[in-house]
Amino acid sequence: MADEPIEALGYKTPLQFANTPYMDKLASMGVTGRMKTVPDGFHPGSEVANLAVLGYDLSQVYEGRGVLEAASIGVDLAPDEMAMRCNLICVKGSILKNHSAGHISTEEADELIRFLEEKLGSDRVRFHTGVSYRHLLVIRNGNKDVDCTPPHDVPLHPFRPLLVKAKTAEAEETADLLNTLILQSQELLKDHPINRRRLAEGKDPANSIWPWSPGYRPAMQTMQELYGFERGSVISAVDLIRGIGVYAGLQNIPVEGATGLYDTNYEGKARAAIEALKTNNFVYLHIEASDEAGHEGDVKLKVKTIEALDHRAIRIIYEEVKQWDEPVTIAVLPDHPTPCAIRTHTNQPVPFLIYRPGIIPDAVSHYDEDAVKEGKYGVLEGDSFIRLLLDKN
Ligand SMILES: [Zn+2]
């Protein structure tokens, strides 16, 4: 949701330009500030930013994407196992054509991943199906000190110079194993019936694996252990965030029609959050649509997603819980900015608001990137935002 001033909006940000009466109302009744959700030395990925919002110390718990996605698909990692995100990609000749094999369907991908498991799986190597092009590779006794290239960063580059490199002498065996698996997958996949059919239909074949983001099972305490509440849940269409929820002790609540895109079921997610709040102390409701609009560089769409968040989610939740005897605290913040101009994430601090009945408001009456700079809390880091939200200061 967070962005930069945009010429087409009269040098306002999408959040300033959008009509957001409920976010503004909550800001004026509550307290505001900014949060540094991407700690120094970390890339502004969704997994980093969401772990930080929940108060986790990234230097202690960060183990890459693979382990989080493993949790979201129900793969339990043993202490001696290394997990990696394993993309199904498209290579053409010596070139990495794209990172997603033309956004292959989960159904087709599942058949290919099962085929690879049958041919390349062993007591050391396991493949698990995830979603679309995003799958999981588990290596027993793998060494995570390997340098891997995220494939979405290198479309149309020759792939051989980008193969896995060991960062230490101890990791050389793991790097060799991974590169062997990549090259074997290319041999196995090139003539697979699914790929022959995709080629005949003019689609990109999924003719290589591309493992990256290695890590071990994260040493995460649950939020219950850290903050002393009983029950929490997470509502998100994004597998990384549901995976964080697993390690954080948050129950995943699926919502029909939650897509992670602009067509998501906002009302369904809001109602699921309200339902969960009846029995849970904490609900982490994540709506991805504005991020996707930012990645597409679509300013109009981004404004629309922000207005939908206000009207179709925050309004519904606030109007319901304000009638409850037991007070509910509401916080609003983005995980990270995704400015339309650059179409990718940045590490800038994000605006937040926190409202609970009876809280003494600060002077800020609008919720946006600029207005909250006048808020009570400056720029929060570490676990100070989540402690403020949970009233644990
Ligand atoms: Zn994003």
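One structure accompanies this document, and this report is about it. What you see is a predicted model; the values in this text were computed from it and never measured. (Residues numbered from 1 in each chain as written. Predicted model: local features only at pLDDT ≥ 70, side-chain atom pairs only at ≥ 80, totals over all residues. Heavy atoms only, no water.)

## Re the overall build of the chain
Reasoning step 1: Across its full length, the chain holds 14 helices and 15 strands.
Reasoning step 2: Taken over the C-alpha trace, the chain has a radius of gyration of 22 Å; the compact-globule value for 393 residues is 21 Å, and the two agree within 12%.
Reasoning step 3: By its C-alpha atoms, the chain is 65 × 45 × 35 Å across when sized along the principal axes.
Reasoning step 4: Per-residue burial over the chain gives 54% buried out of 393 residues. (Helix = DSSP H or I, 4+ residues; strand = E, 2+ residues; numbered from the N terminus. Rg over C-alpha atoms; globule rule 2.2 N^0.38 Å. Buried < 20%, exposed > 50% of the residue type's maximum accessible area, 1.4 Å probe, protein only.)

## Some details on the sheet that holds strand β10 (residues 232–235)
Reasoning step 1: Ordered by their spatial adjacency, three strands build an open sheet running β11-β10-β12, and the pairing between neighbours is parallel. Only two strands of the sheet have a single partner each, and these edge strands are β11 (251–252) and β12 (282–285).
Reasoning step 2: Here β10 pairs with β12 via four bridges, running parallel. Bridging from a neighbouring strand, V234 pairs with Y284 of β12. (Pairing = 2+ DSSP bridges.)

## As for the layout of surface pockets
Reasoning step 1: Each pocket or cavity is described by its volume, and for the largest pocket that value is around 1700 Å³.
Reasoning step 2: Lining of the largest pocket is provided by 46 residues; of these, R65, R85, Y133, H152 and W212 occupy positions nearest its centre.
Reasoning step 3: Listed by contribution, the elements that provide at least two residues to the lining of the largest pocket are α3 (46–53), β2 (81–92), β6 (146–147), β9 (208–216), α10 (239–248) and α12 (289–295).
Reasoning step 4: Split by residue class, the lining of the largest pocket holds 13 nonpolar, 15 polar and 18 charged.
Reasoning step 5: Summarising the domain contributions, the lining of the largest pocket has at least three residues from each of domain 1 (7–62 + 218–389) and domain 2 (71–215).
Reasoning step 6: One number sums up the size of the second largest pocket: a volume of about 1200 Å³.
Reasoning step 7: Lining of the second largest pocket is provided by 44 residues; of these, V283, T329, I330, A331 and L389 occupy positions nearest its centre.
Reasoning step 8: Among the secondary structure elements, those contributing two or more residues to the lining of the second largest pocket are α3, α11 (266–277), β12, α12, α13 (299–321), β13 (330–332) and α14 (384–389).
Reasoning step 9: At five residues, α13 tops the list of elements feeding residues into the lining of the second largest pocket. (1 Å grid on protein atoms, 1.4 Å probe; cavity = no way out; pocket = protein on both sides within 12 Å on 5 of 7 lines; lining within 4 Å. Points joined across faces, edges and corners; volume = space filled by probe spheres on them. Nonpolar A, V, L, I, M, F, W, Y, C, P; charged D, E, K, R; others polar. Domains from an automatic or database assignment.)

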